[in-house]
Amino acid sequence: MYYSKILADLKKQERNPVNKMYLGEIALKWKAFQQLTEEPSTANKDLAEALSKFLGSLHNRKFLFNKLRGTGFEEDSPIFSASYINDLIAAIMSRQPILSEPGIVWDFQALNYKLALKGDNPVEIARSPQIIGQKTPPVLSLTLNLDYQYRVNGKRNFTKETFNLPFLLFFVYKNLTVLDIFNIEHYALQVKSTCKTAQTFIICETLDKCLDCSFQEFPAKIIVLHLESKKNKNQISTTTVNRLETAIKNVLYRSPETIMIKETEKVKAPPENQKTFSKPKSHRTDYKRKK
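The paragraphs below set out a description of the structure included in this document. (Residues numbered from 1 in each chain as written. Predicted model: local features only at pLDDT ≥ 70, side-chain atom pairs only at ≥ 80, totals over all residues. Heavy atoms only, no water.)

**Digging into the overall build of the protein**
Step number 1: A count of helical and extended segments in the protein gives eight helices and seven strands.
Step number 2: Put simply, the protein has 291 residues, and 38% of those count as buried.
Step number 3: Taking all contacts inside the protein whose residues are at least 6 apart in sequence as the whole, residues at least 24 apart take part in 65%.
Step number 4: For the protein, the exposed area adds up to about 17100 Å²; of that, 54% sits on carbon and sulfur atoms. (Helix = DSSP H or I, 4+ residues; strand = E, 2+ residues; numbered from the N terminus. Buried < 20%, exposed > 50% of the residue type's maximum accessible area, 1.4 Å probe, protein only. Contact = heavy atoms within 4.5 Å. Areas by Shrake-Rupley, 256 points an atom, 1.4 Å probe, with all protein chains shown as cover.)

So this is what it looks like as structure tokens:
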């Protein structure tokens, strides 16, 4: 459990006895959601309700830093981060049969892309060819771990390498920013060039910091947990969790038939919690904020 590890690490580092007590209280409230995620048969409705209840408890004012008492946690503390979303994703992924396939890895891991031959000239490459690639920072992802070997025709010795073939990538944020968009677009395009069926997901609480961005033809799916119109910002709807699971399944079980259906659905209105902008732009690489 990703959020559980954050709580455990913070408790080890904490010196303030009141804050330690707070962390224990938060961990106890988190346990109810954690237990549900460990049961693959748990319904999305139960996950949404338990997570909403936890978020409501977490944002109790007593947990925020109080200058007079010197207790509580700053707003940028990891306990208020969006890491809990990783556990929601993991709960959905735990139901997917693909996890039982040999070589499938689900966790934070570096992904390979841009394979190329190492060497500055043909003579150097011919003497000792080596296939190298670039790696992403650790990303919550579903990959296929491949072993491959190669040799120069006519030689006896093989070179053995491993390769993490990306299928699904997940980035979570409290507030998605313009800089985040630039970074994610880079990796999304790279893994797509490595595996055309790969899909990048962004799951965030809000889009408040990049409302002026255009996401047309953006190479990642964006799912927003908290709608601007919602009065209760801690409420996670079952519809949102269902939408996330459906999007994951559409990638894992994609077929020519589903691709055709997807193409016909492009003309329909976008989901209410997925930001898109209908006004087309001729050039979409700057993502500048309006002044």
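Read on, since the account is not over.
**Topic: the nonpolar core**
Step number 1: Ile 89, Phe 170, Leu 176 and Ile 203 are the most contacted members of the largest nonpolar core, which totals 72 residues.
Step number 2: Excluding residues that lie within four positions of it along the chain, Leu 176 makes contacts with Ile 181, Ile 184, Ile 202, Cys 204, Thr 206, Leu 207, Lys 209, Cys 210 and Ile 222. (Core = buried A, V, L, I, M, F, W, Y, C linked by side-chain atoms within 4.5 Å.)

**Section: helix 3 (residues 44–58)**
Three- or four-residue spacings in an α-helix give side chains the same orientation, since the helix completes a turn every 3.6 residues.
Step number 1: Spanning 15 residues, helix 3 covers 21 Å between terminal C-alpha atoms, matching the ideal 21 Å at 1.5 Å per step.
Step number 2: Within the span of helix 3, buried status applies to Asn 44, Leu 47, Ala 48, Ala 50, Leu 51, Ser 52, Phe 54, Leu 55 and Leu 58.
Step number 3: Buried-residue contacts for helix 3 involve helix 1 (2–13), helix 2 (17–37), helix 4 (84–93) and helix 7 (238–252). (Expected span 1.5 Å × (residues − 1).)

**Focus: the side chain of Asp 180**
Step number 1: Residue position: Asp 180 is located in helix 6 (residues 178–194).
Step number 2: Within the buried core, Asp 180 has no salt-bridge partner, and the shortest N-O distance to an opposite charge, that of Lys 209, equals 7.9 Å.
Step number 3: Discounting chain neighbours no more than four positions away, the residues touching Asp 180 are Tyr 173 and Asn 175. (Lys, Arg positive; Asp, Glu negative; His and termini not counted. Salt bridge = Lys/Arg side-chain N within 4 Å of Asp/Glu carboxyl O.)

**What to know about the pattern of salt bridges**
Step number 1: As enumerated under the stated definition, the model contains six salt bridges in all.
Step number 2: The residue Lys 174 makes a salt bridge to Glu 205 at a minimum N-O spacing of 3.1 Å. With a gap of 31 residues between them, Lys 174 in strand 5 (residues 159–175) and Glu 205 in strand 6 (residues 199–206) connect regions that are remote in the sequence.
Step number 3: Residue classification places Lys 174 among the partly exposed residues on the basis of a relative accessible area of 26%.
Step number 4: A residue is classified by how much of its surface remains accessible, and Glu 205, at 8% relative accessible area, is buried.
Step number 5: The closest approach of N and O atoms between Lys 249 and Glu 245, which form a salt bridge, is 3.8 Å. Taken as a pair, Lys 249 and Glu 245 lie in helix 7 at a separation of four residues, close to a single helical turn.
Step number 6: A relative accessible area of 36% places Lys 249 in the partly exposed class.
Step number 7: Note on Glu 245: relative accessible area 10%, which makes it buried.
Step number 8: Through salt bridges with shared partners, a single ionic network connects Arg 95, Glu 245 and Lys 249.

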